[in-house]
Amino acid sequence: ICVPAAPVLFKQALENTDQEEGKSVSLRCELTKADATVVWKKGEATLQASAKYEMKQKGTVAELVIHNAEPEDA
C-alpha cells in the first residue's frame, strides 16, 4: 500500500514587518514538517542566496534575512 505523504502547511505564516532603510530585516515562517524544501520569492522571481539575501532553516522554522533593506524590497 502506498500512502501519500501529508502536505506541508504553514503553522505560522509570514507577518508584515517594517524596518528602517539600510538595516537588515528577518522574515520567518513555521511549517508543519521539519526540513521541508522552502523557496523564497518576490513576485514571480525566485530569490537566490547572496550578499543581499540569506536563507536559513532549522527544523520547522524557515527564515529569510534581507540585508541592507531598501524600499524596493517591499
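Looking at an unreviewed UniProt entry, one finds the protein chain named OBSCN protein and attributed to Oxyruncus cristatus. Per its UniProt entry, the protein chain bears the Subcellular location (unreviewed entry) comment "Cytoplasm".

Student: Account for the UniProt feature "domain: Ig-like" (unreviewed entry) in the protein chain, with residues named and values stated.
Tutor: According to UniProt, the feature "domain: Ig-like" (unreviewed entry) maps to residues 7-74 in the numbering used here. What you have in residues 7-74 is 0% helix and 38% strand, and the ends, taken at the C-alpha atoms, are 29 Å apart.

Student: How would you summarise the pattern of salt bridges if you had to cite specific residues and measurements?
Tutor: Per the counting criterion, the structure on display carries 5 salt bridges. Here Lys 11 ties to Glu 30 by a salt bridge, and the two come within 3.8 Å at their closest N and O atoms. Of the two residues, Lys 11 sits in strand S1 (residues 10-12) while Glu 30 sits in strand S2 (residues 25-31), which places them 19 residues apart along the sequence. With relative accessibility at 22%, the residue Glu 30 sits in the partly exposed group. Beyond isolated ion pairs, a larger network of salt bridges with shared partners links Lys 52, Glu 70 and Asp 73.

Student: Any details on the pairing of strand S5 (residues 53-58)? Residues and values, ideally.
Tutor: In this sheet, strand S6 (residues 61-66) lies alongside S5 in antiparallel orientation, the contact comprising 6 bridges. In the strand pairing of S6, Glu 54 is matched with Val 65. Counting the residues that bridge the hairpin from S5 to S6 gives 2 residues, and of these Gly 59 lies at a positive phi of roughly 60°.

Student: Residue-level account of the sheet that holds S1, with values.
Tutor: Spatial strand order, S1-S2-S6-S5: 4 strands in an open sheet with antiparallel pairing. Two strands lie at the open edges of the sheet, namely S1 and S5, each paired on one side alone. Here the strands of the sheet are splayed against their neighbours by 30° on average, with no regard to which way each runs.

Calculation criteria
- Every residue gets a number counted from 1 within its own chain, in the order that chain's sequence is written.
- With pLDDT at 70 or above as the cut-off, local features in this predicted model cover only qualifying residues; side-chain atom pairs require 80 or more to be listed or tallied, and sums for whole chains, interfaces and linings still use all residues.
- With hydrogens and water stripped out, all remaining heavy atoms of the structure feed into the side-chain values.
- UniProt positions are given in the numbering used here, feature names are shortened, and annotations may be inferred rather than shown by experiment.
- Secondary structure elements are defined from DSSP: runs of H or I of at least 4 residues count as helices, runs of E of at least 2 residues count as strands, and each element is numbered from the N terminus.
- By definition, a salt bridge exists where a carboxyl oxygen of Asp or Glu is found within 4 Å of a side-chain nitrogen of Lys or Arg.
- For the exposure calls, accessible area comes from a 1.4 Å probe over protein chains only, and a residue counts as buried if that area is under 20% of its type's maximum, exposed if over 50%, partly exposed in between.
- Pairing between strands requires that DSSP locate at least two bridges from one strand to the other.
- Here an axis means a line fitted to C-alpha atoms, over the contact stretch when the element is a helix, while the angle between two N-to-C directions is reported on a 0 to 180 degree scale.

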